[in-house]
Amino acid sequence: MYNPLNLILCFGLLCGTMIACKQKEPVSGIQVLKIDNWRFRQADTISEWMYASVPGTVHTDLYRNGKVDDPFYRTNERDQQWIDKVDWEYQGTFEVSPGFLDNDQIEVNFEGLDTYADVFINDQKVLSTENMFVRYKADIKPYITLGTNKVRVYFHSPIQKGLEKLEAHGFGLPASNDQSENGGLEDKRVSVFSRKAGYHYGWDWGPRFVTSGIWKPMSIRGWKNALLRDVFIRQMDLSDELAKLRAVSEVEAFEATEAVYGVYHEDKLLAETGVKLQTGLNILKLDFNIEKPKRWWSNGLGEPHLYELEVKLLVDKTYQESVTQNVGLRTLRLIQEPDEKGKTFYFELNGVPVFAKGANYIPNDNFLPRVSNREYETVVMSAKNANMNMLRIWGGGIYENKIFYDLCDKNGIMVWQDFMFACSMYPGDQAFLNNVRLEAVDNVKRLRQHPSIVLWCGNNEIDGAWSNYDEKAGWGWKQQYTAEQRKYIWQAYEDVFHEILPEVVQEWDPDRYYWPSSPMAGLTGGPDQHANDFTRGDIHYWGVWHGLEPFENFKTNVGRFMSEYGFQSFPEYNTVRRYSEPEDWDIESEVMAAHQRSGIGNLRIKEYMSWDYRIPKNFEHFLYVGQLLQAEGMKAAFEAHRSAMPYCMGSLYWQLNDCWPVASWSSTDYYRNWKAMHYFARDAFKEVATSIHETEEEIEVIVASDRLSSFTGEIRVQVLDFEGNMLYNESQRAYGGANTASRIFQKKKADLFKGANLNQTVVVARLTENGNLLSESIWYPVKPKALQLPKARLEKSMTQGKDYIEIVLKTDKLIKNLYLSITDRSPYFSDNYFDMLPGSTKTIQVKTEIPLKDFRDGLKIISLEDTY
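Residues numbered from 1 in each chain as written. Predicted model: local features only at pLDDT ≥ 70, side-chain atom pairs only at ≥ 80, totals over all residues. Heavy atoms only, no water.

K.L.:
Could you clarify how one ought to interpret the overall build of the chain in this entry?
P.N.:
Counting secondary structure elements, the chain contains 15 helices and 45 strands. Relative to the compact-globule value of 29 Å for 868 residues, the chain shows a C-alpha radius of gyration of 29 Å, a close match. Along the first, second and third principal axes, the C-alpha set of the chain runs to 90 × 65 × 65 Å. Put simply, the chain has 868 residues, and 61% of those count as buried. Across the chain, contacts joining residues at least 24 apart in sequence account for 71% of those joining residues at least 6 apart. Carbon and sulfur atoms form 46% of the exposed surface of the chain, whose accessible area is close to 32,800 Å². For the chain, the separation between the mean place of its 98 positive charges and that of its 120 negative charges on side chains is 3 Å. (Helix = DSSP H or I, 4+ residues; strand = E, 2+ residues; numbered from the N terminus. Rg over C-alpha atoms; globule rule 2.2 N^0.38 Å. Buried < 20%, exposed > 50% of the residue type's maximum accessible area, 1.4 Å probe, protein only. Contact = heavy atoms within 4.5 Å. Areas by Shrake-Rupley, 256 points an atom, 1.4 Å probe, with all protein chains shown as cover. Lys, Arg positive; Asp, Glu negative; His and termini not counted. Charge placed at Lys NZ, Arg CZ, Asp CG, Glu CD.)

Structural data, given as structure tokens:
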């Protein structure tokens, strides 16, 4: 009978070595069967069997079969809430040959079943599942026959299962983002009772599509003699001279036998040993060294070097199986040490303090199997190309697919990894706790090999939301419950986040740090544990946006590590056109409201816009100015955080991406288009970046540098009017400290502006080193709505390259926030939403296959002056 603890274990490691594993095609002793002819239907009905895609979901299969309309179009979401309330079944077939039946072991493997499923082989039940995040397997040799065989997967409604669990629990639990009303459940928030992606039930940036399906690959495989169940490389010690490593493998043997176990690098044998395998599970260990090891570094600090190591198993002198792993060698510490201002919070990589630059990351689609490897690459490269070195995988989504971590490993993107718990309280019955432990063990062992992962975090915002140590603090949850209920709820929290999860990390990944909740000030317990102490721990600052505070408050609310902060914008006009009709093009229309899940959203954007900009009447212009508003506001945060180095050593904004086309806090939209904010983040996150700051009496220039050595350059500060007349011009030597922020210029405002018309004035700061431009900052002394922008004459020319088009722009006067787009297309522009100074020339490359004539005809250019 199936034992849920008997998981399919992937590859991993202990200590400081983190490896990205690549399972080779099975050879010799391993055979894999293909499952074909997948069909699905609504269960317990006479409905027709329809074509199905595996991996896939019920929603997307219904859409492909023409049974429902595009779920993301207009308000179609509302008409598809019935899907999660009924059961569904899938079936496929596989062919078994006489040779396959000769295998000692035959099993069915599921990398992911969403969520409540019964699995049948030739109508024999072999498996039941209740966790979307766990890999499952079952022995099926007794149930298969020669020729055609059938596999059937019966999916129980996650809503009906949730309602049953809610009733059995006796009372509901806080789940602020569960959009139960949109799902027709009134106030019955059932998401917390199922180990399933929380965002499927809705969030303040996402729709409610509670999916079911075989959401990850599955296989049927057979083998003789033995199987490598798990392989990891443990880093025993690391110095510049030598890396001492240990290959540890779990091998399942059908019977006692002789075997040879070896490790290879580039086909060169590093170590080998003979072993005697016993029937059942065997733990094999083999020590080996790498001389003069190359280390894995984060983006911007060095090469993220990976060693390709192969572990081979021979049984009775016959090649049985091999596993290839990409191994990253590095040391990593989370440094929390008392100082004169509180307590530090930063990551130290290979002995170097790292300022974490990046964003929070959510799943890329509500329908997860639709996300291709190419899309994963686009998302990760968008982070890398914006000079990021860290992404935080937020706890209301999923433990990501292997390809995501492989890409982060390859590109030097560190990963803050949440366990999948967010903004809710959870039940504490033993069955739920056992399920959580099962999930944690499986995913820690699956992911610990990746050098990119630098932290395990228990949950998102729950500690602060409940705030057990302060009756007046929190989100008002605990006040809704009796004393007995509160005791039970908090004990469940303690059991999961202060017992089960840290125990699992300690057992299976002991050299990676565990942080119980984000945000959190410390681990001492009691009032000292509370969230959002700006002198220690990590911070989620939402005074801007939720608190309706001005952007200027980003400058005064800076903590040791800013792990969340943000501001919303709409996606670009081309994206909005894809989910709406012209009659919907009003921010208060039914459709635009449906694609905005923050209740205060669209009107809050408009309110903030009124503070800084002239509100456009044209809908397309409103979307454009909304992106400028977000970009400029977030720029204030980026600059405030980096200017506070080394007091502040992390800036992860909310959020990088979207799971559907929507107005949200993202810097790239659902179709992976860069918003204005992403371009601004790229500039603010450069290795060396200047920023201009205003005090009561002075203007100063700060340079933030990630360089590990100091440098000397030249800072030139100019004041121009919009026609190009020079009002002030000064240069001086500038000293930039190593891995810190330094003030390199300051001047009295009275001396700098000398009576200039501030509504027609721009300040430019250029930092150079040996004549090469390191950074340029442009700053205006008044808000954009007060600027008296001129009508500029813009000249443009275009030439066709091999796979790109080059645009050369030239202006006689200042142009504010020039935006380039192509009608009904969204190619990547090397720069966008930029200012052009009077008399300047700008060259832009556009990676596209659009013919030059079509590109020229479709090119649209907007600037802020056009919206007046």
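K.L.:
Help me out: how do you make sense of the pairing of strand β31 (residues 650-653) in this one?
P.N.:
For a regular strand, side chains alternate in direction, first toward one face of the sheet and then toward the other. Taking every second residue as pointing to the same face, both faces of β31 are buried, with Gly650 and Leu652 on one and Ser651 and Tyr653 on the other. Taken together, the 4 bridges between strand β24 (residues 356-361) and β31 define a ladder with parallel strand orientation. Each bridged residue has a counterpart across the sheet, and for alanine 359 the counterpart in β31 is tyrosine 653. (Pairing = 2+ DSSP bridges.)

K.L.:
It is not clear to me how the packing of helix α4 (residues 373-385) against helix α5 (residues 402-411) should be interpreted in this structure. Could you clarify?
P.N.:
The geometry of a pair of packed helices is captured by two quantities: the angle between their axes and the separation between those axes. Direction vectors running N to C along α4 and α5 enclose 35°, while the axes themselves pass 10 Å from each other. Seen from above, α4 lies across α5 with right-handed handedness. Contact residues: α4 offers Asn373, Tyr376, Glu377, Val380, Met381 and Lys384, while α5 offers Ile403, Phe404, Leu407, Cys408 and Asn411. Split into classes, the residues belonging to the contact of α4 with α5 amount to 7 nonpolar, 2 polar and 2 charged. (Axes fitted to C-alpha atoms, helices over the stretch in contact; angles between N-to-C directions. Left-handed = near helix turned anticlockwise from the far one by under 90°. Nonpolar A, V, L, I, M, F, W, Y, C, P; charged D, E, K, R; others polar.)

K.L.:
Help me out: how do you make sense of helix α8 (residues 483-508) in this one?
P.N.:
Residues spaced three or four apart along an α-helix face the same direction, because each turn holds 3.6 residues. Taking 1.5 Å as the rise per residue, α8 with 26 residues should run 38 Å; its terminal C-alpha atoms sit 36 Å apart, in good agreement. At aspartate 495, α8 shows its strongest bend, of approximately 30°. Inspection of α8 places Ile489, Trp490, Ala492, Tyr493, Glu494, Asp495, Val496, Phe497, Ile500, Leu501, Val504 and Val505 among the buried residues, and these make up the whole buried set. (Expected span 1.5 Å × (residues − 1). Bend = angle between axes of the 7 residues up to and from the residue.)

K.L.:
Where do I start with the pairing of strand β34 (residues 711-721) in this structure?
P.N.:
Extensive coverage of β34 is indicated by the burial of 8 of its 11 residues. The loop that links β34 with its antiparallel partner strand β35 (residues 726-736) comprises 4 residues; one of these, glycine 724, has a positive phi angle of about 105°. Of the pairings in the sheet, the one linking β34 to strand β37 (residues 761-769) comprises 8 bridges and is antiparallel in character. Paired with isoleucine 715 across the two strands is leucine 767, which belongs to β37.

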